[in-house]
Amino acid sequence: MIDVGILKKMGWRWGLVVLALGLVVACEDETSGSDDDDDDGTGGTTSTSTSGTGGSASSSTSSGTGGSTGCEGGPLALPLPGCAPTAPASTGDFYQDCVDRINQFRWECQCLPPLQRWTDAEACTDQQSADDQDANEGHANFGACGESAQNTCPDFGSESQVVGGCLQMMWDEGPGEPFIDHGHYINMSSTSYTKVACGSSTDSGGVWSNQNFSQ
C-alpha cells in the first residue's frame, strides 16, 4: 500500500502523497481511478484523491445549512455532516469558480471565513499543473509557486468536473486525522491559509488542476 514518489496516471483510485519532514511517502489504494493531491505546508505535506475519469461528486446529497443563517456563533469545530451544496453557477472563469467553490464549502459547511483569490500565482499554478501532468506525477513541482499546501485533481474530464466533483470529494474526506487520510479536507478547511490559487492544464489525457494554498 505504500509507494514512493510517482503517482500512476491510471490504475489508482485514492492515492495520497505526503511530504513530511523532508520525506516523501505515497499511499495508494488498490482500486482503479485517481483523484487529487493535497499538500500541507506544515512540513510540505501532500495528498492525492479521486480520478476525474468519473469526475462525479460524492454520493452525499445533503445541502449546506451553515452560511449566514447558521454562523452567528462563528466557525464550527466540525463540518456539517453530509454537506454537499450545489455548486454556484459558473462565472465563465475557471479560476474564480474554483475559489468560489472552495469558499462555498468553507462557509456553508463549517462557517469558515473565505480565502482570497491569489491571482498573482495563477499563471504559475497553470504551468505547475501542466508540468505535473507531463510528468504524470502529482506534486512533482510542489513549491514552485511559493505555496504552503497543495491539492491536485488529475485526469478529470473537464474543468467543471474539477469544480463540481473533485472539490466535493476532497471536502468529503473530513473531518478527522491523520493527515494521510483526511489531508484534502484539512487543507481546504485550514485557518492557517488566507489565499488560494487554482490552475489547470488540459491535454488528451484529461484535465489536471492544482489548488495552491498560502498564508
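Structure: above.
Residues numbered from 1 in each chain as written. Predicted model: local features only at pLDDT ≥ 70, side-chain atom pairs only at ≥ 80, totals over all residues. Heavy atoms only, no water.

## Points about the overall build of the protein
The line we're drawing: Starting at the N terminus, helices and strands are each numbered in turn, a helix being any DSSP run of H or I of at least four residues and a strand any DSSP run of E of at least two. For each residue, the accessible area found with a 1.4 Å probe, counting protein chains only, is set against the maximum for its type, and the residue is called buried under 20%, exposed over 50%, and partly exposed in between. In what follows, residue pairs with any heavy atoms lying within 4.5 Å of each other are defined as contacts. Shrake-Rupley sampling with a 1.4 Å probe provides the accessible areas, and residues are treated as covered by the protein chains on show and by no other component.
Secondary structure summary: the protein contains 4 helices and 9 strands in total. The burial tally for the protein puts 51% of its 215 residues in the buried class. Long-range contacts, defined as pairs at least 24 residues apart, comprise 63% of the intrachain contacts of the protein with a sequence gap of at least 6. Counting only carbon and sulfur atoms, one obtains 53% of the accessible surface of the protein, whose full area is about 8,800 Å².

## Some thoughts on the nonpolar core
Side chains that are nonpolar tend, in soluble globular proteins, to be buried together. Where we set the bar: By nonpolar core we mean a set of buried residues, namely Ala, Val, Leu, Ile, Met, Phe, Trp, Tyr and Cys, connected to one another through side-chain atoms within 4.5 Å.
Residues Cys98, Ile102, Leu167, Met188 and Phe213 are the most contacted members of the largest nonpolar core, which totals 27 residues. Considering each element in turn, this core owes the most residues, 7 residues, to helix 3 (residues 159–171). In contact with leucine 167, other than residues within four places in its own chain, are Cys98, Arg101, Ile102, Phe105, Val162, Met188 and Gln211.

## Considerations on the pairing of strand 9 (residues 206–214)
Note the cut-off: For two strands to count as paired, DSSP must find a minimum of two bridges between them.
In terms of residue burial, strand 9 counts as a mostly covered element, since 9 of its 9 residues are buried. Sheet topology note: the strand 7 (residues 149–156)/strand 9 ladder contains 6 bridges and is antiparallel. Residue pairing in the sheet places asparagine 151 in a bridge with glutamine 211 of strand 9. If you look at the hairpin formed by strand 8 (residues 195–203) and strand 9, you'll find 2 residues sitting between the two strands.

## Topic: the packing of aromatic side chains
In plain terms, the rule: Centre distance within 6.5 Å is the pairing criterion for rings of Phe, Tyr and Trp, where only the six-membered ring of Trp is used; planes under 30 degrees apart are then read as stacked, over 60 as edge-to-face, and the remainder as tilted.
For the structure on display, the rule yields 4 aromatic pairs. Consider the rings of phenylalanine 94 and tyrosine 95, whose centres lie 5.9 Å apart with planes at 65°: the pair is edge-to-face. In this structure phenylalanine 94 comes out as buried when scored by relative accessible area, which is 9%. Taking 5.7 Å as the distance between ring centres and 15° as the angle between the ring planes, the aromatic pair formed by phenylalanine 105 and tryptophan 171 counts as stacked. Remark: tryptophan 171 occurs in helix 3 and phenylalanine 105 occurs in helix 1 (residues 94–110); sequence separation between them is 66 residues. Just as phenylalanine 105 is buried, tryptophan 171 falls in that class too.

## Describing the state of the cysteines
The test is simple: Any cysteine sulfur atom paired with another within 2.5 Å is treated as part of a disulfide.
Applying the stated criterion across every chain, the model contains 5 disulfides. Between the sulfur atoms of cysteine 83 and its disulfide partner cysteine 109 the distance amounts to 2.0 Å. With the S-S dihedral at roughly -80°, the linkage between cysteine 83 and cysteine 109 falls on the left-handed side. Here cysteine 83, found in the loop between strand 5 (45–50) and helix 1, pairs with cysteine 109, found in helix 1; they are 26 residues apart in sequence, far enough to count as distant. The class for cysteine 83 is buried, based on a relative accessible area of 3%. The residue that forms a disulfide with cysteine 98 is cysteine 198, at a sulfur-sulfur distance of 2.1 Å. Taking the torsion about the S-S bond as the criterion, the cysteine 98 to cysteine 198 disulfide, at about -70°, is left-handed. Of this pair, cysteine 98 sits in helix 1 while cysteine 198 sits in strand 8, and the two are 100 residues apart along the sequence. Among the residues examined, cysteine 98 registers a relative accessible area of 0% and is labelled buried.

## A short note on the pattern of salt bridges
To keep it simple, the criterion reads: In the sections that follow, a salt bridge refers to a side-chain nitrogen of Lys or Arg positioned within 4 Å of a carboxyl oxygen of Asp or Glu.
Taken as a whole and assessed by the stated rule, the structure comprises 2 salt bridges. Note that arginine 117 and aspartate 93 form a salt bridge whose closest N and O atoms lie 3.3 Å from each other. With arginine 117 in strand 6 (residues 116–117) and aspartate 93 in the loop between strand 5 and helix 1, this residue pair connects regions lying 24 residues apart in the sequence. Residue classification places aspartate 93 among the partly exposed positions, given a relative accessible area of 25%. In this structure, arginine 117 and glutamate 122 form a salt bridge, with 2.6 Å as the shortest nitrogen-oxygen distance. A relative accessible area of 26% places arginine 117 in the partly exposed class. If you follow the salt bridges from partner to partner, you end up with Asp93, Arg117 and Glu122 in one network.

## Details of the pairing of strand 8
Where strand 6 lies against strand 8, 2 bridges are found, and the strand directions are parallel. The residue of strand 8 that forms the bridge with glutamine 116 is lysine 195. Relative to strand 9, strand 8 runs antiparallel, the two sharing 9 bridges. Of the residues in strand 9, the one forming a bridge with valine 196 is phenylalanine 213.

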